[in-house]
Amino acid sequence: MLDFLGDLKRTHMCGELRASDAGSKVVLMGWVNKRRDLGNLIFLDLRDRSGITQVVITADAGAEVHDRATAVRSEFVVAGIGHAKLREPNTVNKNIPTGEIEVIADELRILNDCKPLPFSPSDTVLANEEVRLKYRYIDLRRPELHRNIELRHQVAIAIRDHLNSQGFYEIETPFMTRSTPEGARDYLVPSRVYPGEFYALPQSPQLFKQILMISGFDKYFQIVRCFRDEDLRADRQPEFTQIDLEISFPRPETVFRVVEGFLKAAFSTIGVELQTPFPQMSYDQAIRLYGIDKPDLRLPAMVDVRDAFAAENLETLHVDSELPIVAIVIPRVGELSRKERDEIKTMFGDRKDGKVFEDIKRLEKSFPDAVAKIRDIARPHAEDLVVVVAGAKRTEAANAVKSRQQAYGVYSAAGQLRLALGQKYAERHGAYKHGNFRLLWVTDFPMFEWDEAEQRWNAAHHPFTSPHEQDMDKLESDPGAARALAYDVVLNGTELGSGSIRIHRQDIQAKIFKALGMSPEEQQARFGFFLEALQYGTPPHGGIALGLDRIVMILAGAESLREVIPFPKTAKAVDLMVDAPTPVSERQLKELGIAVRKIETSN
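Residues numbered from 1 in each chain as written. Predicted model: local features only at pLDDT ≥ 70, side-chain atom pairs only at ≥ 80, totals over all residues. Heavy atoms only, no water.

### So, the overall build of the protein
Summing up its helical and strand segments, the protein has 18 helices and 21 strands in all. The C-alpha extent of the protein, read off along each of the three principal axes, is 95 × 70 × 55 Å. By residue count, 47% of the 603 residues in the protein fall in the buried class. Nonlocal contacts in the protein, meaning residues at least 24 apart in sequence, comprise 69% of its contacts between residues at least 6 apart. Surface accessibility of the protein: about 31,400 Å² in total, with carbon and sulfur atoms responsible for 51%. Computed over 79 positive and 88 negative side-chain charges, the inter-centroid distance for the protein is 2 Å. (Helix = DSSP H or I, 4+ residues; strand = E, 2+ residues; numbered from the N terminus. Buried < 20%, exposed > 50% of the residue type's maximum accessible area, 1.4 Å probe, protein only. Contact = heavy atoms within 4.5 Å. Areas by Shrake-Rupley, 256 points an atom, 1.4 Å probe, with all protein chains shown as cover. Lys, Arg positive; Asp, Glu negative; His and termini not counted. Charge placed at Lys NZ, Arg CZ, Asp CG, Glu CD.)

Right under this line is the structure:
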């Protein structure tokens, strides 16, 4: 029989009691984590979000209390009333903060029961993730997830407090706005009042936060939900949270100092003191040294070793003398077997544009002078793994744009192999241990990217990103060489956030649209309201957005975003707990003036 709570009030959380509380009258409420029945003695580990306390029901409590304790099972919700008592020295549990104390119950109320569980929050072996997501309310009872969600709260509060101290206003922007069909797909919201017309859920508050700068608010931030109907990826969420900010009259360094300040506050929640300012490198440096625009600094940079080879060496190796040759060094890997060497070839893949030399000792037998120079340039230790990646010999001449793309292709291939080797030999080099946080700023991204299929330039960031003042003349003469005042903050190979200084002048905006081949009609259709706003005294401004989910995932040492989001979707964008998305009734569709037709898909 279940009990009512009545006027009973808890005196302590389950994780609060300490030895100094011995003798106190105690009322605890929570879930039964475990129950142990020794006949005359019944032990209940009572759990809430703060921790666990052992509640003991003895024969002295009386038959009624004893019978209630006998009826209790895991995850029943109970109230234990009694007195705190020091445990005997030989029964102290040193693994929990409340391990020196226990509660001797003289009353037990069963506030709710629990049907047989699909899995237990106290299980040491986790259930299948789909089962955990379907019963997320049970999964969220696990202490690990409680810690992650608490950390998320602490990080958000630390960021808010810091930005408030720096004079930022937290301002909400609309969730229902107009569709801007570029980049990822929008989630559309039909309007009942205006049949056939739609709002869109925001992919980002980008244009609204720029309008706030036009409105004179000077410093804005928001911890905001955003939505993208992206193609499915293993660890992306269709709805996510970002730390969004914008500043008037900044230089990039203005934004850097603000972000470093709130990240320092966020990392302090786990006792980590970040060193600021973060190092900086240009996009071009990042590609050449790491083969990627989000470098993982925990492993050594790649080294250009093309000068180690004589021209005749390159001819013999069928390597292009005009393309990069880079050495990858992975520390403390030790001697590899022939099988492990062959696995490196498999990692690199059958690439037409690059070649890998996975055995430096074999290369040394044919080219001793070149390898001696490689060792002198790269300076590996005896136990380090050294792998060389070069560009395959080209069969036709290339223009400047094509040559730049081919060179970046070699760096990219080497960078991917570097990361794969780092992951494979992580236990040997030890660079990936939790707490080794290496942050940096990547700057001077390309203004444009060439779309081979469409034979046109696209904005690498977004079309309101300002170019470098020094590169204005390249917008028409050499768009591929024009640099943007765009920047990313990167942590251990993960992009935490991306931002830029924005265009605030109409003449520069016109040049960018012209470089993108965008007609006046297209400009108005996509950005008309914003282009009009730019004409009314727009100050120079810039900002950034960082992913809160990613930050918390890294701080928690979690392997998935789903471990730090209370109610995540699956990799297929499904909410298993509430069973969404689902069809809606014909009546709802009729009210909206919508007819649904089946889309035929081909396998």
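### Description of the pattern of salt bridges
For the coordinates displayed, the defined rule picks out 44 salt bridges. Here Glu 358 ties to Arg 338 by a salt bridge, and the two come within 2.9 Å at their closest N and O atoms. You can see Glu 358 sitting in the loop between strand S14 (354-357) and helix H10 (360-366) and its partner Arg 338 sitting in helix H9 (residues 338-348), a full 20 residues away along the chain. Taking relative accessible area as the criterion, Arg 338 reaches 33% and is therefore assigned partly exposed. With its nearest N and O atoms 3.7 Å apart, the salt bridge here joins Arg 404 to Asp 478. Pair noted here: Arg 404 is in helix H12 (residues 400-424) and Asp 478 is in the loop between helix H14 (474-477) and strand S19 (486-491), with a separation of 74 residues, a long-range link. With a relative accessible area of 26%, Asp 478 lands in the partly exposed category. One salt-bridge network, in which partners are shared between bridges, spans Arg 132, Arg 136, Asp 139, Arg 142, Glu 144 and Glu 563. (Salt bridge = Lys/Arg side-chain N within 4 Å of Asp/Glu carboxyl O.)

### Topic: the nonpolar core
Leu 385, Val 389 and Leu 417 are the most contacted members of the largest nonpolar core, which totals 58 residues. Per element, the largest residue contribution to this core is eight residues, and it comes from H12. Apart from the residues within four sequence positions on either side, Leu 417 is in contact with Ile 328, Ile 344, Met 347, Phe 348, Val 356, Val 387 and Val 389. Listed in part, the 41 residues of the second largest apolar core include Phe 221, Ile 243, Trp 441 and Val 564. (Core = buried A, V, L, I, M, F, W, Y, C linked by side-chain atoms within 4.5 Å.)

### Some thoughts on the sheet that holds strand S11 (residues 280-282)
The sheet built from eight strands is open, its strands ordered S6-S9-S10-S21-S20-S19-S16-S11 with mixed pairing. Strands at the two margins of the open sheet, each flanked by one partner only, are strand S6 (169-170) and S11. Where strand S20 (residues 494-501) lies against strand S21 (residues 541-547), five bridges are found, and the strand directions are antiparallel. Along S21, the bridge assignment pairs Ser 500 with Gly 543. Contacts from helix H7 (residues 283-290) reach S11 and strand S16 (439-443), with the element oriented near 90 degrees to S11. (Pairing = 2+ DSSP bridges. Axes fitted to C-alpha atoms, helices over the stretch in contact; angles between N-to-C directions.)

### Quick word on the pairing of S16
By the criterion of burial, S16 is predominantly enclosed, with five of the five residues buried. What you see with S16 is no split at all: Leu 439, Trp 441 and Thr 443 on one side and Leu 440 and Val 442 on the other are buried throughout. Strand direction decides the pairing type here: S11 and S16, joined by three bridges, are parallel. Following the sheet pairing, Gln 280 is matched in S16 by Trp 441. Examined bridge by bridge, S16 and S19 share five bridges and lie antiparallel to one another.

### As for unusual backbone geometry
Going from Thr 276 to Pro 277, the amide bond is cis rather than trans, its omega being 0 degrees. Considering the arrangement of structural elements, one finds Pro 277 in the loop between helix H6 (252-267) and S11. In this structure, the amide linkage connecting Ala 580 to the following residue, Pro 581, adopts the cis form with an omega of 5 degrees. Mapped onto the fold, Pro 581 is located in the loop between helix H17 (548-556) and helix H18 (586-592). Look at Phe 249: it is not a glycine, yet its phi comes out positive at around 60 degrees. Residue placement: Phe 249 occurs in the loop between strand S10 (239-248) and H6. Among the residues examined, Phe 249 registers a relative accessible area of 59% and is labelled exposed. Backbone geometry at Arg 332 places phi at a positive 55 degrees, although glycine is not the residue there. Tracing the backbone through its elements, the reader meets Arg 332 in the loop between strand S13 (325-330) and H9.

### Examining the packing of aromatic side chains
Across all of its chains, the model carries 15 aromatic pairs by this definition. Ring geometry for Trp 450 versus Trp 457: centroids 5.0 Å apart, planes at 70 degrees, classification edge-to-face. Each member of the aromatic cluster is reached from another via a ring pair, and the members are Phe 464, Phe 513, Phe 527 and Phe 530. For the cation-ring pair, Lys 424 lies above Tyr 425, with the distance from its terminal atom to the ring centre recorded as 5.6 Å. (Phe/Tyr/Trp six-rings, centres within 6.5 Å; stacked < 30°, edge-to-face > 60°. Lys NZ or Arg CZ within 6 Å of the ring centre and 35° of its normal.)

Keep in mind these numbers describe shape, not what the thing actually does.
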